[in-house]
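Observations on the model geometry
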Amino acid sequence: MTNTGHVNPSHPLTAAGAGGLDALRDDPAGAVLGFDFDGTLAPIVDDPAAARAHPQAAPALARLAPRVAALVVITGRPAAVAVEHGGFEGIDGLVVLGQYGLERWVNGELTAPEPPPGVAEARAKLPEILKASGAPAEVYVEDKGRALAVHTRRCAEPQVALDRLRSLMDALAERTGLVVEPGRFVLELRASGMDKGRALRGFVDEVKPSGSRPSAVLFAGDDLGDLAAFDTIDALRAEGVPGVKVCSGSTEVTALAERADLVVDGPDGVIEFLETLLPLE
Ligand SMILES: O=P(O)(O)OC[C@H]1O[C@H](O[C@H]2O[C@H](CO)[C@@H](O)[C@H](O)[C@H]2O)[C@H](O)[C@@H](O)[C@@H]1O
């Protein structure tokens with residue numbers, strides 16, 4: 001029987017997902033595994049600076065790394081922050097693509113483009129936007145250098161605060177040439193032209209396992225920004241590459257679960273899934 005980790009019984013494993021898992025297990029050395037960070041490898045907490053990966057996340061990735069073709073974390077975080085908060089330094093071969101794929105970290109080396117020019121203007125204008133929306137004092141701006149994330153999780157009514165900000169953030173994005181990336185009680189202003197789907201596709205295209213294409217590609221995520229990576233898995237499947245879409249389930253986001261092959265119970269479920277993904281050698 002396929003061991004799928006701690007699954008949500010209302011979302012049984014899809015047939016395509018079962019095929020993807022079988023292909024991955026038949027030829028793990030040809031497989032590419034991708035993961036989101038916050039909400040998938042790291043439990044959600046009120047303060048973004050306090051988020052840390054599940055204690056078993058780095059050990060689980062380190063155990064998988066030598067057995068698969070490639071491992072990648074694709075995150076909205078700056079890559080260096082994900083590496084630090086994840087405890088990923090030293091995992092041989094792990095690649096971290098930060099800021100939705102703009103930044104690349106591998107073996108301690110970070111490559112990243114200059115911040116998009118609109119970020120400086122958005123940074124300057126944001127205080128007046130927050131004031132105009134009547135944002136409570138608990139609204140928190142996370143300055144990521146290449147992007148700005150406005151968080152409402154700590155507000156008494158986080159969804160209300162987020163909804164009040166949305167149209168003003170859309171207008172600011174348009175004015176500064178940025179895009180709004182919505183997430184779990186967060187609206188981010190970031191550069192256009194890259195997303196997790198493009199980042200995953202580019203990464204898969206780079207990896208040359210024994211054959212000309214991967215035996216399977218898996219991506220696990222929890223938030224709206226991960227839908228683009230699910231699109232890439234669907235596109236790969238259409239090209240004949242088996243895929244697995246794993247949702248780290250939460251009550252905050254349901255759109256991903258609707259698209260997933262497998263829904264597990266948050267980061268605890270993701271780690272349980274990873275620990276049983278490949279049979280012991
Ligand atoms: O792509 P991800 O790795 O999932 O990163 C997306 C954003 O995650 C972070 O915010 C989320 O996690 C916080 C800590 O648990 C939580 O407080 C917040 O409500 C969530 O939206 C991060 O702060 C952002 O920069 C990331 O882009």
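Residues numbered from 1 in each chain as written. Predicted model: local features only at pLDDT ≥ 70, side-chain atom pairs only at ≥ 80, totals over all residues.

1. A short note on the pairing of strand E6 (residues 140-143)
Bridging between E6 and strand E7 (residues 148-151) involves four bridges; their strand directions are antiparallel. Bridge pairing in E7 links Tyr140 to His151. Here E6 folds back onto E7, and the loop between the two strands holds four residues, one of which, Gly145, carries a positive phi near 80°. (Pairing = 2+ DSSP bridges. Helix = DSSP H or I, 4+ residues; strand = E, 2+ residues; numbered from the N terminus.)

2. Re the site of the ligand
Lining the immediate environment of the ligand, one finds 24 residues, of which Phe37, Asp38, Pro48, Thr75 and Gly76 sit closest. Of all the elements in the fold, those that place two or more residues in the shell around the ligand are E7 and strand E9 (186-190). Class assignment of the residues belonging to the shell around the ligand gives a composition of eight nonpolar, six polar and 10 charged. If you count residues domain by domain, the shell around the ligand takes at least three from each of domain 1 (15-113 + 194-275) and domain 2 (118-190). (Near = placed C-beta within 6 Å. Nonpolar A, V, L, I, M, F, W, Y, C, P; charged D, E, K, R; others polar. Domains from an automatic or database assignment.)

3. Details of the domain arrangement of the chain
Per the domain assignment, the segments of the chain are domain 1 (15-113 + 194-275) and domain 2 (118-190). Each of domain 1 and domain 2 has a C-alpha centre, and the two are 26 Å apart. Listed as interface residues are 14 residues of domain 1 and, on the opposing side, 14 residues of domain 2. For the side of domain 1 that touches domain 2, the residue count by class is seven nonpolar, four polar and three charged. (Contact = placed C-beta atoms within 7 Å.)

4. Here we look at the environment of Arg146
With respect to the helices and strands, the residue Arg146 is situated in the loop between E6 and E7. Arg146 sits 44 residues away from Leu102 along the chain, and the two C-alpha atoms are 8.9 Å apart. Leave out the neighbours within four places in its chain, and Arg146 touches Gln99, Leu102, Pro115, Pro116, Val119 and Ala191.

5. Some words on the sheet that holds strand E8 (residues 179-183)
Taken together, four strands build an open sheet; the order of strands is E6-E7-E9-E8 and the sheet is antiparallel. Edge positions in the open sheet fall to E6 and E8, since each of these has one partner strand only. On average, each strand axis in the sheet is inclined to that of its neighbour by 20°, with strand direction left out of account. The sheet contact formed by E8 and E9 spans five bridges and is antiparallel. (Axes fitted to C-alpha atoms, helices over the stretch in contact; angles between N-to-C directions.)

6. What to know about unusual backbone geometry
Its identity is not glycine, yet Asn107 carries a phi of approximately 50°, on the positive side. At Phe185, a residue that is not glycine, the phi angle is positive and equals roughly 50°. Within the secondary structure, Phe185 is located in the loop between E8 and E9. Of the residues examined, Phe185 has 18 C-beta atoms within 10 Å and is grouped as partly exposed. (Buried ≥ 20, exposed ≤ 12 C-beta atoms within 10 Å, placed from the backbone.)

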